Amino acid sequence: MSAARPTESLRDAYGQTLVELGERDPNLVALDADLSGSTRTVLFGRKFPERFFNVGVMEPSMMTIASGLALGGRTVFASTFAVFAAGQAYNAVRQSICYNRANVKIVATHGGLLVGADGGTHQIIEDIGLMQGLPGMTVIVPADAPTTRAAVRAVAERSGPAYLRLTRENLPVVTDGTFRLGTAAELRAGNDLTIIAVGALVARALEVAEELGEVGISTRVLDLASVKPFDAPTVLRAARETGAILVLEEHTVVTGVGALVASVTSENYPVPVHRVGVPDVFGESGEPWALLDRFGLSKERIRSEAWELLRIRGKVQ
Amino acid sequence: MTEEAPAELVATLRDAAVKIRREIIRMTYAAGSGHPGGSLSVTDLVTALLFHELRYDPQRPDWPDRDRLVMSKGHAAPAFYAALAIRGILPPEELLTLRKLGSRLQGHVDRNKLPWVEASTGCLGQGIGMAVGMALDARLAKRPSRVYAVLGDGECQSGWTWEALMAGGHYRLGNLVAILDRNGIETDGPTESIMGIEPIADKFRAFRYHTLEIDGHDFPAILRALAEARTVTDKPTAIVARTVKGKGVSFMEGQHSWHGKAPSAAEAEKALRELGDPRGVPSR
Ligand SMILES: Cc1ncc(C[n+]2csc(CCOP(=O)(O)OP(=O)(O)O)c2C)c(N)n1
C-alpha cells in the first residue's frame, strides 16, 4: 500500500495563484459574493483592494457585473460557492458571460457532497452538467492543489469563459501539476481496465488501481480535470486498449462526466462504461467523507464495479 | 394603539430565549460547524414568534389553518431547532445531532426531514418568495393563516428578495409579515461596508409595506410590533428589527468572524458560563 499522500487546500492554491496573476496583470480584477474568506479571494482583496469587488449576496448580478468588466477588456475572476455560481446565477452565466463571450473565469469552491454539514441545499451535484452544456464554456475539475494552480494560470492565459469547480476539503496531492487544457492526464498505466475520475475521486481511483495491481490487474487511471475541452482521443484510446471504463465523479450520474464518457465511447468505440457517482437524489448533512460512502462513492463500491467490468470483459472469472 | 405586553409573558419569553441561546452554543459546539452569530441575533424574534405570536398546534404540524414561519435565513437553523426543543416539540437530546449524518436537524432548515419546517431554505433570497406564495395561497383558500418570513440583512442584497417583496406589496398581502434581522453584519464583515442596504426602512416603505423599526432584543417592542402587524390588513408589514450579531455571548457580539464557525470547547464553556448554563459543554 502507498503511504497516505500529503493533502493540500485547493482553495488556498487558488487564492495564492490569483494574487500571483494580479501582480503580473494590472488589468485583472476579481469579484466575490460575501464568501471571500472561504473562497480565498480575500488574499487578492487584501493585496489589491481597488481591483476587488465583494458585491455581497448577489450572485446573478456578480456575474453580470463581471461580464461588464470583462467586455471592457479585462480578465475577470468571480468566485463563490458552486451552488451559487452555477445554480443561483445560471442564466447570468449563460447569457451575460457565455453568450457574450466575456472573459470571465468563474472559480467555484465547495462543489459536490464534500461540502458536508451544510447539507443538501449547498451540495451541488449538477454543476458540471450545467456548465459543460454551455457553448463556449471551459470546464475544469481539479483533483488537487497543483492542478488548481496550473488550471487557474491556464484559463487566465486564454480568453473566454471558464468554470473551475473546487472542493472544500483538502485533497491528497496526486498529480505533478502539469495540467494541460484539453488533455486527460494518464496518472497510471494499465491495460486491463481504465478508471477515469475527476476531483476528489481521482485519489480513490489511484488507491483502487493500486489494490488491483497487487492481485495482478493492471488499471489505467485518467484524470479528466479538463472536462471541457474533452480529450476524446485519449478516452477512445483507453476504450480500445483496455476494453472497459469505470468513471468516478462527485456529481449526479444523470448529467456528469460518466454520461459524457459513455456517450462519446458509444458513438465511436462502444465498450462497457460504468458510472460511480451520486444517484438521482439530493445530498444531506454529514461528515464530508462519510457522505461519499453514504451516496454510493465508497471504495467498496468502486472495487465491486471494477470487478464487475473485469468479469464482463472475461478478464476474471 | 396596542396594549402593553403583560410582564409575566415577557418574563417567560426572556427565560426561553436564554435557554435557546444556551442550546445554540451547545449544538454548534457538538456539530463542530454552523452559524452561531446569526442564530443568536434572531433568537428573541424567533422566541416571540414560536412562543407567543404564531397560531399553531405543536402536535399537528400539518394543521391547514396554522400560521407559517419561513426562515428565509435558513442558516439560523440552530435558533429554530432550539426554540422547538425548549417549546417541548423536539426532544432536547436531539439537538446534539445537528448537522450529523441521518439527523432531522440539517445544516439549513429542511422540511423533508422535520415537519415543523414550512420551507426548506439555505440558499438566501428564496424564503421570502415562498412566504409570498403561502400568503397568496391562504388568501385564495380563505384560510386565516398568517405568514411570517425572517430575513437576513445580507440576504437583502439579493435581488430575488426584492422581487418577492415587490410581489407581496403589489398583491397587498395583509397576511404577510417580513421580519428583518438587522444585525448589520454578514459573512465577510459589516453590510454597510460590503454592499450597503440603507435606507432599509424607506426601501420597505417604497415597496408598499407598513414598516416598523424596533429593537429586536426588546420583547415588549417585538410583541407590540407583531400585534400592530395584525391590525394592518390592506398591505404587508415589514419589521426592521435592530439586533446584535452573536447577542448574549460577549466575545461573539458584533464579530463577523462568528458568522459561520463553531466554538471550541474552551469558547463554548466561556459562552455557556456567560449564559448561566449549569450543564457546561456537551460531549462531542
Ligand atoms: C444565495 C446565497 N449566497 C450565499 C450564501 C452563503 N451565506 C450564508 S449566510 C451568508 C451571509 C448572510 O448574511 P445575513 O443575511 O446578514 O445573515 P445573518 O447575519 O443574519 O446571519 C452568506 C453569504 C447563501 N446561503 N445563499
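Residues numbered from 1 in each chain as written. Chains lettered and ligands numbered in written order. Predicted model: local features only at pLDDT ≥ 70, side-chain atom pairs only at ≥ 80, totals over all residues. Heavy atoms only, no water.

## Concerning the overall build of chain B
- Counting its regular elements, chain B contains nine helices and five strands.
- In sequence order, the secondary structure elements of chain B are arranged as α-α-β-α-α-β-α-β-α-α-β-α-β-α.
- The C-alpha atoms of chain B give a radius of gyration of 18 Å, which matches the 19 Å a tight globule of 284 residues would have.
- Once the C-alpha set of chain B is aligned to its principal axes, its extents read approximately 50 × 45 × 40 Å. (Helix = DSSP H or I, 4+ residues; strand = E, 2+ residues; numbered from the N terminus. Rg over C-alpha atoms; globule rule 2.2 N^0.38 Å.)

## Section: the layout of surface pockets
- The volume enclosed by the second largest pocket comes to roughly 460 Å³.
- Together, 22 residues line the second largest pocket, and Gly-120, Thr-121 and Phe-282 of chain A together with Ser-120 and Cys-123 of chain B are the ones closest to its centre.
- In terms of residue count, the dominant contributor to the lining of the second largest pocket is helix α5 (residues 82–88) of chain A (three residues).
- The residue inventory of the lining of the second largest pocket, partitioned by class, reads six nonpolar, 12 polar and four charged.
- Composition of the lining of the second largest pocket by domain shows at least three residues from each of domain 1 (7–172) and domain 2 (185–312) of chain A. (1 Å grid on protein atoms, 1.4 Å probe; cavity = no way out; pocket = protein on both sides within 12 Å on 5 of 7 lines; lining within 4 Å. Points joined across faces, edges and corners; volume = space filled by probe spheres on them. Nonpolar A, V, L, I, M, F, W, Y, C, P; charged D, E, K, R; others polar. Domains from an automatic or database assignment.)

## A few points about the sheet that holds strand β2 (residues 28–32) of chain A
Residues and elements named next belong to chain A.
- Reading across from one edge, β3-β2-β4-β5-β7-β6-β12 is the order of the seven strands in this open sheet, with mixed pairing throughout. Two strands bound the open sheet, and with one partner strand each, they are β3 (52–54) and β12 (226–228). The average undirected angle you get between the axes of adjacent strands in this sheet is 20°. (Pairing = 2+ DSSP bridges. Axes fitted to C-alpha atoms, helices over the stretch in contact; angles between N-to-C directions.)

## What to know about the site of the ligand
- Among the 24 residues in the neighbourhood of the ligand, the closest are listed as Glu-59 of chain A together with Lys-73, His-75, Asp-153 and Lys-245 of chain B.
- The local environment of the ligand is shared, drawing residues from chains A and B.
- Here Asp-153 of chain B contributes a side-chain N or O atom positioned 2.5 Å from an oxygen atom of the ligand.
- Between an oxygen atom of the ligand and a side-chain N or O atom of Lys-245 of chain B, the distance comes to 2.6 Å.
- For the ligand, whose free accessible area comes to 580 Å², the fraction covered by protein is 98%.
- Classifying every residue of the shell around the ligand by side-chain character gives six nonpolar, 10 polar and eight charged. (Near = heavy atom within 4 Å. Polar contact = N/O pair within 3.5 Å; in protein donor to acceptor, adjacent residues only side chain to side chain. Areas by Shrake-Rupley, 256 points an atom, 1.4 Å probe, with all protein chains shown as cover.)

## A few points about the environment of Val-316 of chain A
All names here are of chain A.
- Mapped onto the elements of the fold, Val-316 is located in the segment after α13 (299–312).
- Its relative accessible area of 17% is what places Val-316 among the buried residues.
- If we skip the residues at most four places from it in the chain, Val-316 touches Ile-217, Trp-307, Leu-310 and Arg-311. (Buried < 20%, exposed > 50% of the residue type's maximum accessible area, 1.4 Å probe, protein only. Contact = heavy atoms within 4.5 Å.)

## What about the domain arrangement of chain A?
Residues and elements named next belong to chain A.
- Under the domain assignment, chain A is made up of domain 1 (7–172) and domain 2 (185–312).
- Taking the mean C-alpha position of each, domain 1 and domain 2 sit 26 Å from one another.
- Each side of the interface is counted separately: domain 1 has 34 residues, and domain 2 has 30 residues.
- Our count for the contact surface shared by domain 1 and domain 2 stands at zero salt bridges.
- Where domain 1 meets domain 2, there are 18 residue pairs in polar contact (both at pLDDT 80 or more).
- Elements with a contribution of two residues or more to the side of domain 1 that touches domain 2: α7 (127–132), β6 (138–140) and β8 (171–172).
- Along the lines of polarity and charge, the residues of the side of domain 1 that touches domain 2 split into 15 nonpolar, 13 polar and six charged. (Salt bridge = Lys/Arg side-chain N within 4 Å of Asp/Glu carboxyl O.)

## Describing the interface of chain B and chain A
- Every contact between the two is made by 24 residues of chain B and, on the other side, 25 residues of chain A.
- Roughly 1,900 Å² is buried in total at the junction of chain B and chain A, and carbon and sulfur atoms are behind 52% of that figure.
- Contact with chain A buries surface across chain B, with Leu-101, Cys-123 and Asp-188 of chain B losing the most and accounting together for 29% of the total.
- For the interface between chain B and chain A, the tally reads two salt bridges.
- Viewed at the interface, chain A and chain B are joined by 14 residue pairs in polar contact (both at pLDDT 80 or more).
- A breakdown of the residues in the side of chain B that touches chain A according to their chemical character gives six nonpolar, 13 polar and five charged. (Buried area = accessible area lost by both parts, 1.4 Å probe.)

## Side note on helix α1 (residues 7–31) of chain B
- Along its 25 residues, α1 of chain B runs 36 Å from first to last C-alpha, staying within 8% of the 36 Å computed at 1.5 Å per residue.
- Positive backbone phi, approximately 80°, marks Gly-32 of chain B, located one or two places after α1 of chain B. (Expected span 1.5 Å × (residues − 1).)

## Section: the sheet that holds strand β9 (residues 185–188) of chain A
All names here are of chain A.
- With respect to topology, five strands assemble into an open sheet ordered β9-β11-β10-β13-β14, the strand pairing being mixed. Since the sheet does not close on itself, it has two edges, and those belong to β9 and β14 (273–278), each with one partner. Taking the axes of each pair of neighbouring strands and ignoring which way they run, one obtains an average angle of 25° across the sheet.
- Sheet topology note: the strand β10 (residues 193–197)/strand β13 (residues 245–252) ladder contains four bridges and is parallel. Along β13, the bridge assignment pairs Ile-196 with Val-247.

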